[in-house]
Amino acid sequence: MKAQDESQYIIPARYRRMENMHIVFWLVKDISWCMIWKELGIAMFIPTLSIAIIIAWRTRQIRAELAHNLAIAFWICANGYWMICEFFGFDEAVVWRNFTGKHLALIPFLIGAIILLFYYTIQRPRDMKAKQPVLASGVQLKTVVLTILSAMVLLSVGCSGTTMLMPTPNLY
């Protein structure tokens, strides 16, 4: 039998339903990407990313959940950008040196990885040492939300700049 003092993470059923729908949207988006169904893939990207951001917002009071949910939001952002690059043919367009359009997806991938690296190397050890409740501050959340929005804007500008300024070379 488990110890009675073991902490539990309980979420309301409506949050769980939203998380489950999030998975459905994500799978439909990725299947659409695989099958090259552009309209459906792009249409599913919007609710997939939106729900990921909502989930991160709802879990903002628990640092571990916030860090992981933000990493997921950045992952979906990178994944969706890469999908759009392939759909519109600028995934192979050279952006800078050997970096192509799809390499710009590394920006949100790395932001997500940095959030988790910070959490596991700095924040979690501090919380474990202090044995205090792990609540996230509003200032940190605002910074992270602004970072997400900034990354999305940079990616959209990068997409339009890549297609206008650097056409995909004809390799055939």
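One can find the structure itself at the top, above this paragraph.
We now turn to the structure provided with this report.

## A word on the side chain of Thr 100
- Among the secondary structure elements, Thr 100 is positioned in strand 2 (residues 99–100).
- The class of Thr 100 is buried, set by a relative accessible area of 8%.
- Look past the residues within four positions of Thr 100 in its chain and what remains in contact with it is Asp 91, Glu 92, Ala 93, Val 94 and Val 95.

## Brief notes about the pattern of salt bridges
- Evaluated as defined, the whole model comprises four salt bridges.
- The closest approach of N and O atoms between Arg 16 and Glu 19, which form a salt bridge, is 2.8 Å. Note that Arg 16 and Glu 19 are positioned in helix 1 (residues 13–35) at a spacing of three residues, about one turn of the helix.
- Among the salt bridges present, the one from Lys 29 reaches Asp 30, with a minimum N-O distance of 2.5 Å.

## Regarding a nonpolar patch on the surface
- Taken together, the side chains of Ile 23, Leu 27, Ile 31, Met 35, Trp 37 and Leu 40 make up a nonpolar region of the molecular surface, amounting to roughly 570 Å² of accessible area.
- Here the element with the most residues in the nonpolar patch is helix 1; it accounts for four residues.
- Tracing the chain through its elements places Ile 23 in helix 1.
- Residue classification places Ile 23 among the partly exposed residues on the basis of a relative accessible area of 45%.

## Section: the packing of helix 1 against helix 2 (residues 38–58)
- Two numbers describe how helix 1 lies on helix 2: the axes approach to 8 Å, and their chain directions differ by 150 degrees. Considering their axes alone, helix 1 and helix 2 lie roughly antiparallel with respect to each other. Crossing handedness for the pair helix 1 and helix 2: left-handed. Within the contact between the two elements, helix 1 uses Tyr 15, Met 18, Glu 19, His 22, Phe 25, Trp 26, Val 28, Lys 29 and Ser 32 and helix 2 uses Leu 40, Gly 41, Met 44, Phe 45, Pro 47, Thr 48, Ile 51, Ala 52, Ile 54, Ile 55 and Arg 58.
- Tallied by class, the residues present in the contact of helix 1 with helix 2 amount to 13 nonpolar, four polar and three charged.

## Remarks on the environment of Phe 118
- By secondary structure assignment, the location of Phe 118 is in helix 4 (residues 106–130).
- Residue class for Phe 118 comes out partly exposed when judged on its relative accessible area of 38%.
- On a C-alpha basis, the gap between Phe 118 and Ala 67 in space is 8.8 Å, while along the polypeptide they are 51 residues apart.

Conventions we followed
Residues numbered from 1 in each chain as written. Predicted model: local features only at pLDDT ≥ 70, side-chain atom pairs only at ≥ 80, totals over all residues. Heavy atoms only, no water. Helix = DSSP H or I, 4+ residues; strand = E, 2+ residues; numbered from the N terminus. Buried < 20%, exposed > 50% of the residue type's maximum accessible area, 1.4 Å probe, protein only. Contact = heavy atoms within 4.5 Å. Salt bridge = Lys/Arg side-chain N within 4 Å of Asp/Glu carboxyl O. Patch = residues over 30% accessible without salt bridge, like charges linked within 9 Å, V, L, I, M, F, W, Y side chains within 5 Å. Areas by Shrake-Rupley, 256 points an atom, 1.4 Å probe, with all protein chains shown as cover. Axes fitted to C-alpha atoms, helices over the stretch in contact; angles between N-to-C directions. Parallel < 35°, antiparallel > 145°, perpendicular 65-115°, else oblique. Left-handed = near helix turned anticlockwise from the far one by under 90°. Nonpolar A, V, L, I, M, F, W, Y, C, P; charged D, E, K, R; others polar.

Geometry only, nothing functional implied.
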